[in-house]
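# Tertiary structure, described
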Amino acid sequence: MNKPVNWGVISTAKIGRVHVVPAMMKSRVVNMMAVASRDVAAAQAYADELGIATAYGSYEELLADPEIEAVYNPLPNHLHVPVTIQALEAGKHVLCEKPIALTAAEAETLVDVSNRTGKIVEEAFMVRHNPQWMRVVELVKTGAIGELRAIQGMFSYFNDDPANIRNKVDIGGGGIYDIGCYLITTSRLVTGQEPDRLAAVIDRDPVMKTDRLTSAIMTFPGGVQATWMCSTQMNLRQRMNFVGTTGRIEVEVPFNAPNDRPSRIFIDDGQDNFGSGLKTEEFPTVDQYMLQGEGVSRAIRNEGPVTVSLENSIANMRVIDAVFNAGKTGQWVDV
Ligand SMILES: NC(=O)c1ccc[n+]([C@@H]2O[C@H](COP(=O)([O-])OP(=O)(O)OC[C@H]3O[C@@H](n4cnc5c(N)ncnc54)[C@H](OP(=O)(O)O)[C@@H]3O)[C@@H](O)[C@H]2O)c1
């Protein structure tokens, strides 16, 4: 790429400060120019810590900076769409944190604005930029486990801090938005299909009212069944299994893949119950947040694809809508 993309980050969000922004700054196709916060002192402290040239005391000031071509939006979930629209209208491309919106209908409002302004919106599903997932897709597609029949996924952590954005129901808190979205997007990625129906059981925190434990079963048109569980108040765990007629693939750290050691997947031919036929594939150490920043930057320069299209994000939101609906009604729901 001839010229790196000039980026700005909206808010001092922890995910940006600790993971996404430092990773992007490691790339030569990214020029991280500015950070904005509602509090200028917080923006300045962030800029000093990460070595970013400019600190703004409001999101609007950053969006008005003509040098900035693209922004990273890691705001609480209820602000994903409104601030992404503001950024598009200001002529910026947007990398927006997951979930892209609170509903599919809200996500759909981005389409017109993105088309009219000619600016890209990509949902920050960093997992889709990670080579380990490209390999799982390839293995399943080429029949390495026979015919895919079932997917089993889990993602959980414990966080009951009422001050955390994940525990505030009015700003898009809860486990389905925060982590269920990954179980859905990777199931859709590997099947290459949209689920047609699903059922879900949702347990809510009695005080905070956020969904704290959800179990779901989704069926896909070819007959594949995906079952998954996500929780914000359970011991730390993440795993994905893809089970076929002749084998099984297990992704060791499917979502928060490490940036300091190789990622691993296990392929078991199922010859016995003790893993005698288990093979491990190790991937060279990568930072999936850096790959994400590079992928979006290349797409902005028309030098690569948009990895997570808006259409794909809207489809993911349709499934999230259906999970909430199924949990509420106790019925099977068409997606
Ligand atoms: N891709 C991933 O791996 C990953 C991991 C974690 C989180 N996320 C996503 O990233 C987003 C941020 O998560 P986080 O845990 O980093 O959040 P966080 O630390 O709580 O930061 C959110 C930021 O938004 C700004 N803000 C504006 N209005 C706010 C409001 N009403 N309440 C609270 N904050 C407000 C604040 O920045 P200022 O005060 O500076 O304006 C705040 O620092 C979420 O959408 C989450 O789903 C993604």
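Our subject is the structure listed above.
Residues numbered from 1 in each chain as written. Predicted model: local features only at pLDDT ≥ 70, side-chain atom pairs only at ≥ 80, totals over all residues. Heavy atoms only, no water.

Here we take up the packing of aromatic side chains. According to the stated counting rule, one finds 6 aromatic pairs in the structure shown. Judged by centre distance (5.5 Å) and plane angle (75°), the rings of phenylalanine 125 and tyrosine 182 are edge-to-face. In this pair, phenylalanine 125 sits in the loop between strand S6 (121–123) and helix H6 (131–141) while tyrosine 182 sits in helix H7 (residues 175–191), placing the two residues 57 residues apart along the sequence. Across the pair, tyrosine 182 and phenylalanine 125 agree in class, each one buried. (Phe/Tyr/Trp six-rings, centres within 6.5 Å; stacked < 30°, edge-to-face > 60°. Helix = DSSP H or I, 4+ residues; strand = E, 2+ residues; numbered from the N terminus. Buried < 20%, exposed > 50% of the residue type's maximum accessible area, 1.4 Å probe, protein only.)

Close contacts around the ligand come from 23 residues, with Thr12, Ser37, Tyr59, Asn77 and Tyr289 the closest. A distance of 2.9 Å is found between an oxygen atom of the ligand and a side-chain nitrogen or oxygen belonging to histidine 80. Between the ligand and lysine 98, the relevant distance is 2.9 Å, taken from an oxygen atom to a side-chain nitrogen or oxygen of the residue. Compared with its free state, where it exposes 910 Å², the ligand has 82% of that area covered by protein. With respect to the pocket detection grid, the ligand is positioned in the largest pocket. For the shell around the ligand, the secondary-structure elements that each account for two or more residues are helix H1 (14–25) and H7. Of the residues that constitute the shell around the ligand, the class distribution is 12 nonpolar, 5 polar and 6 charged. Taken together, domain 1 (5–125) and domain 2 (127–289 + 317–334) each give at least three residues to the shell around the ligand, which thus spans both. (Near = heavy atom within 4 Å. Polar contact = N/O pair within 3.5 Å; in protein donor to acceptor, adjacent residues only side chain to side chain. Areas by Shrake-Rupley, 256 points an atom, 1.4 Å probe, with all protein chains shown as cover. 1 Å grid on protein atoms, 1.4 Å probe; cavity = no way out; pocket = protein on both sides within 12 Å on 5 of 7 lines; lining within 4 Å. Sits in = over half its atoms within 2 Å of the grid points. Nonpolar A, V, L, I, M, F, W, Y, C, P; charged D, E, K, R; others polar. Domains from an automatic or database assignment.)

With 20 residues, helix H9 (residues 310–329) ought to run about 28 Å at 1.5 Å a step, and its terminal C-alpha atoms sit 28 Å apart, in line with that. Immediately beyond the C-terminal end of H9, within one or two residues, lies glycine 330, with a positive phi of roughly 70°. (Expected span 1.5 Å × (residues − 1).)

A few words on the pattern of salt bridges. Scanning the entire structure with this criterion turns up 19 salt bridges. Measuring nitrogen to oxygen at the nearest pair gives 2.8 Å for the salt bridge that ties glutamate 250 to arginine 239. Placement of the pair is glutamate 250 in strand S12 (residues 248–251) and arginine 239 in strand S11 (residues 233–244), with a sequence separation of 11 residues. We note that glutamate 250, like arginine 239, is buried. In this structure, aspartate 268 and arginine 248 form a salt bridge, with 3.4 Å as the shortest nitrogen-oxygen distance. You can see aspartate 268 sitting in strand S13 (residues 263–268) and its partner arginine 248 sitting in strand S12, a full 20 residues away along the chain. (Salt bridge = Lys/Arg side-chain N within 4 Å of Asp/Glu carboxyl O.)

Right, let's get into the sheet that holds strand S8 (residues 197–204). Strand order in the open sheet formed by 9 strands is S14-S13-S12-S11-S7-S10-S9-S8-S15, and the pairing between neighbours is mixed. Only two strands of the sheet have a single neighbouring strand rather than two, namely strand S14 (278–283) and strand S15 (333–334). Here S13 runs beside S14; their pairing, made up of 6 bridges, is antiparallel. From the neighbouring strand, isoleucine 265 faces S14, where its bridge partner is glutamate 281. Relative to S13, H6 is tilted by about 20°, and along the sheet it contacts strand S7 (148–158), S11, S12, S13 and S14. Strands S8, strand S9 (211–219), strand S10 (225–231) and S15 of the sheet are contacted by H9, whose axis makes an angle of about 65° with S8. (Pairing = 2+ DSSP bridges. Contact = heavy atoms within 4.5 Å. Axes fitted to C-alpha atoms, helices over the stretch in contact; angles between N-to-C directions.)

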